[in-house]
Amino acid sequence: MAEAPDGEQIVHREFDTDQDDPVTAVAEAVADLRGEETTDIATMYETVDHMIDHLFSTPPSKDAQVQVEFTFEGYRITLDQDGNARFVEV
């Protein structure tokens, strides 16, 4: 766990971009960070509407260096097309 200049804790995770359901992996990471079960947090589909699935299932070329950033359940989440993720509590 790293610390941002403003004192916020940054958690880094790496996801398998070939998995069947990357949204579930992100939701599980958020639930883990919150110390809750995935059934206790909101559904991600209302927040990102399959955006993560598309990022990993048909990724743009590596040269594009696509990054998706959104807020979910109190975390600012940044996902790179290579599977790297950053979670910052907001």
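Our structure's up above, just so we're on the same page.
Residues numbered from 1 in each chain as written. Predicted model: local features only at pLDDT ≥ 70, side-chain atom pairs only at ≥ 80, totals over all residues. Heavy atoms only, no water.

(A) A look at unusual backbone geometry. Here Glu-73, not a glycine, exhibits a phi torsion of approximately 50 degrees, which is positive. Among the structural elements, Glu-73 can be located in the loop between strand E3 (67-72) and strand E4 (75-80). Owing to a relative accessible area of 23%, Glu-73 belongs among the partly exposed residues under this scheme. (Helix = DSSP H or I, 4+ residues; strand = E, 2+ residues; numbered from the N terminus. Buried < 20%, exposed > 50% of the residue type's maximum accessible area, 1.4 Å probe, protein only.)

(B) Molecular detail of the environment of Phe-70. Structurally, Phe-70 can be placed in strand E3. Residue class for Phe-70 comes out buried when judged on its relative accessible area of 6%. Distance from Phe-70 to Arg-13, taken between C-alpha atoms, is 16 Å for residues 57 residues apart in sequence. Setting aside anything within four residues of it in sequence, one finds Phe-70 in contact with Val-26, Met-44, Thr-47, Val-48, Met-51, Ile-52, Tyr-75, Arg-76, Ile-77 and Leu-79. (Contact = heavy atoms within 4.5 Å.)

(C) Focus on the pairing of E4. Direction of pairing for E3 relative to E4: antiparallel, over a ladder of 6 bridges. Its bridge partner lying in E4, Phe-70 is registered against Ile-77. Here E3 folds back onto E4, and the loop between the two strands holds 2 residues, one of which, Glu-73, carries a positive phi near 50 degrees. With 5 bridges joining them, E4 and strand E5 (residues 84-89) adopt antiparallel strand pairing. Paired with Ile-77 across the strands is Phe-87, a residue of E5. (Pairing = 2+ DSSP bridges.)

(D) Looking closely at the packing of aromatic side chains. Evaluated as defined, the whole model comprises 1 aromatic pair. A centroid spacing of 6.4 Å and a plane angle of 80 degrees characterise the contact between Phe-15 and Phe-87, whose relative ring orientation is edge-to-face. Taken together, the positions of Phe-15 in the loop between strand E2 (9-14) and helix H1 (22-34) and Phe-87 in strand E5 put the pair 72 residues apart, joining distant regions of the chain. Comparing Phe-15 with Phe-87, the two get one shared label, buried. (Phe/Tyr/Trp six-rings, centres within 6.5 Å; stacked < 30°, edge-to-face > 60°.)

(E) Region of interest: the nonpolar core. In this structure, Val-26, Met-44, Ile-52, Phe-70, Ile-77, Leu-79 and Phe-87 are the most contacted members of the largest nonpolar core, which totals 23 residues. Secondary structure elements with two or more residues in this core: H1, helix H3 (51-57), E3, E4 and E5. At 7 residues, H1 tops the list of elements feeding residues into this core. Beyond its immediate chain neighbours, meaning those up to four positions away, Phe-87 contacts Gln-9, Ile-10, Val-11, Arg-13, Phe-15, Val-26, Ala-29, Val-30, Leu-33, Tyr-75, Arg-76 and Ile-77. (Core = buried A, V, L, I, M, F, W, Y, C linked by side-chain atoms within 4.5 Å.)

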